[in-house]
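Each chain, written out:
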Protein chains: 2
Amino acid sequence: MSEALLEKKCIKIAIVEDFKLTRVGLRCALNANEDMSVVAESEDAVEGLKLIERTKPDVVLMDLGLPGMNGIEAMLKLKEITPCTKIIALTSHDRGEEVVAALSSGANAYCLKDIDPQKLADVVRDVAKGVCWIDPVVAPLALSSLPKVENIGFLPDKSCNEGRVPLTEREFEVLKHLVLGKSNTEIAKELIVSVHTAKAHVCSILQKMCVNDRVQAAVKAVKEGMV
Amino acid sequence: MSEALLEKKCIKIAIVEDFKLTRVGLRCALNANEDMSVVAESEDAVEGLKLIERTKPDVVLMDLGLPGMNGIEAMLKLKEITPCTKIIALTSHDRGEEVVAALSSGANAYCLKDIDPQKLADVVRDVAKGVCWIDPVVAPLALSSLPKVENIGFLPDKSCNEGRVPLTEREFEVLKHLVLGKSNTEIAKELIVSVHTAKAHVCSILQKMCVNDRVQAAVKAVKEGMV
DNA sequence: TAATCCATTACCCTTGTGGGTAATTAAAAT
DNA sequence: ATTTTAATTACCCACAAGGGTAATGGATTA
C-alpha cells in the first residue's frame, strides 16, 4: 500500500462543471481510484479558476458548455496562471470548431461525457503525463485541422534531410537571433563580432538547413522546434 | 475464454518496421495480449502495403524512418486503399515537422519507441476505437500546430479584434507566399501582379502585424497558426 | 606532425528589402 | 450619392541580403 503510494503518486484533480449530477458522477468515478483524488470542484469558471490557483491540481476536468465565461476562455486564463496544469475538455456535444478551439487553447484531451468512467481514469493518468488524448468521435475533426503535408514541405528535399548536417553551437546562437527577425548587423552587434562573421554564419546556416533564404530558415526552425 | 473472445474481439495488427529487433519486440509485446494479434510484418513500406491490403488489419504500427518510401508517403497510400485502418506512427526521434506531417497524413497516434510495452497495448486498444493518442514529448508540438482560437472566430469579436487590424484576403495570400520564403519578385509573379503591388502588400502586412521585417512576420504567422 | 574543423575577418557584386509618398480604379458601405 | 476601403501601379532611396572566394588563428583529432 505504501509501496503503491510511493510508486504512483496521487494525481490531484479539479472539476469545473455546472451540472451537479455530472459533477458528483465525475468525483465518485475518479475518487474510486487510489492514485487520484478530486481536490476542487466548481460549477462556474470564475470560481473554478480561483480554486485551481489555490489547490494547484495536476489535471483539470473542464466542461465547455459553462454559463457566463465559457470553457475556452477559462482554459486560456488557466494556462496563463498555471501553465503546467493539464486540462481535459469535457463536452456532451461534438461541434467541430469547438474541438479545435479547445485543443489549441490549452486542452490536452477532449472527452465526450458518455465516456466510460474507468476509461476516463485512464485518460486522467495519461494526461497527467502530458499525453494528448482525443475521443474517437471528434478525433478526425481535430486531425483534419492540422496543416497538410504539402504545406509543411516534408516530402521534398528528402536527400537533404537524410544527410542532415548539424549546426555548430555558434550557428545556433545566430539562428536564435535570426528567428527573432534580427538583421545581420544586429546579430553581429549582439554577438560582438563583425558583420562579415554574422553573414558567414548565416550563409552556412542556410546551406546546412537546405533553404534559400533566412525566412525559410526561420520558419523551418520554428516548425521543427529547433529554437 | 470463449467469453473473452466474444466480449472483446481480437484486434488485428500489422507492423511495418525496418529494424528486425524492434519488430520482434513489438510482435512479442503485442501478442502477449489475448485481445490482439499481429497478422502481418514487413521491413519496408512497399511490401508492407501489399500485406496490409491482403490481411486487412485493424491497426498498423508504422515506423517513420523507413528506407526507400518513407512512413509519411506510406501512410498516405495506405489511407487511399484502406481508409478505415487505424495507424500508429512510431519513431525514435521527435522532429516537430514529422509529428505534424504524420498526424495530418493519416496517423491516429504518435508514439516514441521508448514507450512502455504495456502502455503500447493500451494505445493499440484505444486507437482501434478511433482515439487520437499523442506521446507527451511531442504533444505540445502537435497541439501548437492547430489553428489558433482567434483565427477560427470562436470567441467572436472579443479579445480578437482588440488592437489587432485584420489582414485582407489578398494580404493573406501574400502572407502565405511570404512564409514559404518567397521574395517580393516571386510573390508578384505567382499572384500575377507587379512587384510594386507585392511590395505594397508586404508593407501593409508588416504594419498590421506590428513587426519590423518579413522574418518576424513569417515567424509570427507560423506561431499563431495564421497559415 | 599533419589534418581537420570552427570562428573570425575581408572583399566584390547583384539582387532584394522596406520606408515614404501618391495616383488610379473598382467595389462596398453609408 | 458620397465616402470608405482594397487593390493596383509607380517612383525614389538607403541599406541589407546572400553568393562567391579566401585568408587567418586556435583547437581538436588522427
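Residues numbered from 1 in each chain as written. Chains lettered and ligands numbered in written order. Predicted model: local features only at pLDDT ≥ 70, side-chain atom pairs only at ≥ 80, totals over all residues. Heavy atoms only, no water.

A. Representation of the overall build of chain A within the structure. Per the secondary structure count, chain A includes twelve helices and six strands. Burial analysis of chain A (227 residues in total) assigns 49% to the buried set. Element-wise, carbon and sulfur atoms account for 56% of the exposed surface of chain A, whose accessible area totals about 10800 Å². (Helix = DSSP H or I, 4+ residues; strand = E, 2+ residues; numbered from the N terminus. Buried < 20%, exposed > 50% of the residue type's maximum accessible area, 1.4 Å probe, protein only. Areas by Shrake-Rupley, 256 points an atom, 1.4 Å probe, with all protein chains shown as cover.)

B. Geometry of the packing of helix α12 (residues 214–223) of chain A against helix α11 (residues 214–223) of chain B. Where α12 of chain A meets α11 of chain B, the axes come as close as 9 Å, and the angle between the chain directions of the two elements is 25 degrees. Considered as vectors, α12 of chain A and α11 of chain B are oriented roughly parallel to each other. Like other packed secondary-structure pairs, α12 of chain A and α11 of chain B cross with a definite hand, here right-handed. Two secondary-structure elements touch here, α12 of chain A through Arg-214, Val-215, Ala-218, Val-219, Val-222 and Lys-223 of chain A and α11 of chain B through Arg-214, Val-215, Ala-218, Val-219, Val-222 and Lys-223 of chain B. Taken together, the residues that form the contact of α12 of chain A with α11 of chain B break down as eight nonpolar, no polar and four charged. (Axes fitted to C-alpha atoms, helices over the stretch in contact; angles between N-to-C directions. Parallel < 35°, antiparallel > 145°, perpendicular 65-115°, else oblique. Left-handed = near helix turned anticlockwise from the far one by under 90°. Contact = heavy atoms within 4.5 Å. Nonpolar A, V, L, I, M, F, W, Y, C, P; charged D, E, K, R; others polar.)

C. Just the protein's contact with DNA strand C, in detail. The environment of DNA strand C is made up of 18 residues, and the closest members are Arg-170, Ser-194 and Thr-197 of chain A together with Asn-184 and Lys-199 of chain B. Measuring from a base oxygen of DNA strand C, one finds a side-chain N or O atom of Lys-199 of chain B at 2.6 Å. Separating a phosphate oxygen of DNA strand C from a side-chain N or O atom of Arg-214 of chain B is a distance of 2.9 Å. At the level of secondary structure, the elements contributing two or more residues to the surface near DNA strand C comprise α11 (195–208) of chain A together with α9 (184–191) and α10 (195–208) of chain B. Partitioning the surface near DNA strand C into residue classes produces five nonpolar, nine polar and four charged. (Near = heavy atom within 4 Å. Polar contact = N/O pair within 3.5 Å; in protein donor to acceptor, adjacent residues only side chain to side chain.)

D. Structural view of the side chain of Asp-63 of chain A. Residue and element names in this part refer to chain A. Mapped onto the secondary structure, Asp-63 falls in strand β3 (residues 59–63). Classification of Asp-63 by relative accessible area gives buried; the value is 3%. There is a polar contact of 3.3 Å between the side chain of Asp-63 and the side chain of Lys-113.

E. Summary view of the interface of chain A and chain B. Opposite the 51 residues of chain A that make contact, chain B presents 49 residues. When chain A packs against chain B, close to 4300 Å² is buried across both sides, 67% of that on carbon and sulfur atoms. On inspection of chain A and its partner chain B, the count reaches two salt bridges. For the pair chain A and chain B, the number of links is eight residue pairs in polar contact (both at pLDDT 80 or more). When residues of the side of chain A that touches chain B are traced back to their parent elements, those giving at least two are α4 (71–81), α5 (96–104), α6 (117–128), β6 (132–134), α7 (139–144), α8 (158–162), α9 (169–179) and α12 of chain A. The leading source of residues in the side of chain A that touches chain B is α12 of chain A, at eight residues. Class assignment of the residues belonging to the side of chain A that touches chain B gives a composition of 27 nonpolar, nine polar and 15 charged. Judged from the three bridges that link them, β6 of chain A and strand β6 (residues 132–134) of chain B form a sheet pairing that is antiparallel. For Ile-134 of chain A, the partnering residue across the bridge sits in β6 of chain B and is Cys-132 of chain B. (Buried area = accessible area lost by both parts, 1.4 Å probe. Salt bridge = Lys/Arg side-chain N within 4 Å of Asp/Glu carboxyl O. Pairing = 2+ DSSP bridges.)

F. Expanded view of unusual backbone geometry. Within the chain, Cys-210 of chain A stands out as a residue other than glycine whose phi angle is a positive 60 degrees. Along the chain, the position of Cys-210 of chain A falls in the loop between α11 and α12. One non-glycine residue with positive phi stands out, namely Lys-56 of chain B, at about 45 degrees.

G. Structural view of the protein's contact with DNA strand D. Around DNA strand D sit 17 residues, and of these Arg-214 of chain A together with Thr-168, Ser-194, Thr-197 and His-201 of chain B come closest. Expressed as a percentage, the sugar and phosphate content of the atoms of DNA strand D within 4 Å of the protein is 70%. The backbone of Asn-184 of chain A places a nitrogen or oxygen atom 3.1 Å from a phosphate oxygen of DNA strand D. Between a phosphate oxygen of DNA strand D and a side-chain N or O atom of His-201 of chain B, the distance comes to 2.7 Å. Residue assignment for the surface near DNA strand D shows that the elements contributing at least two residues are α11 of chain A together with α10 of chain B. No other element matches the five residues that α10 of chain B contributes to the surface near DNA strand D.

H. The arrangement of the sheet that holds strand β2 (residues 36–42) of chain B in detail. As summarised here, the arrangement of the twelve strands in space is β2(A)-β1(A)-β3(A)-β4(A)-β5(A)-β6(A)-β6(B)-β5(B)-β4(B)-β3(B)-β1(B)-β2(B), forming an open sheet in which the pairing is mixed. Since the sheet does not close on itself, it has two edges, and those belong to β2 (36–42) of chain A together with β2 of chain B, each with one partner. The average undirected angle you get between the axes of adjacent strands in this sheet is 20 degrees. Here strand β4 (residues 86–91) of chain A pairs with strand β5 (residues 109–112) of chain A via four bridges, running parallel. Paired with Leu-90 of chain A across the two strands is Cys-111 of chain A, which belongs to β5 of chain A. Contacts between helix α2 (residues 20–31) of chain A and the sheet are confined to β1 (11–16), β2, β3 and β4 of chain A, with β2 of chain A contributing the most and set at about 165 degrees to the helix. In the packing of helix α3 (residues 45–55) of chain B onto the sheet, the strands contacted are β1 (11–16), β2 and β3 (59–63) of chain B, and the crossing angle to β2 of chain B comes to about 140 degrees.

I. Representation of the packing of helix α8 (residues 169–179) of chain B against α9 of chain B within the structure. All names here are of chain B. Two numbers describe how α8 lies on α9: the axes approach to 10 Å, and their chain directions differ by 125 degrees. Between α8 and α9, the interaxial angle falls into the category oblique. The element α8 and its partner α9 pack so that their crossing is right-handed. Of the residues in α9, those in contact with Arg-170, Glu-173, Val-174, His-177 and Leu-178 of α8 are Ile-187, Glu-190 and Leu-191.

In short, the description is geometric, and any link to function would need to be established separately.
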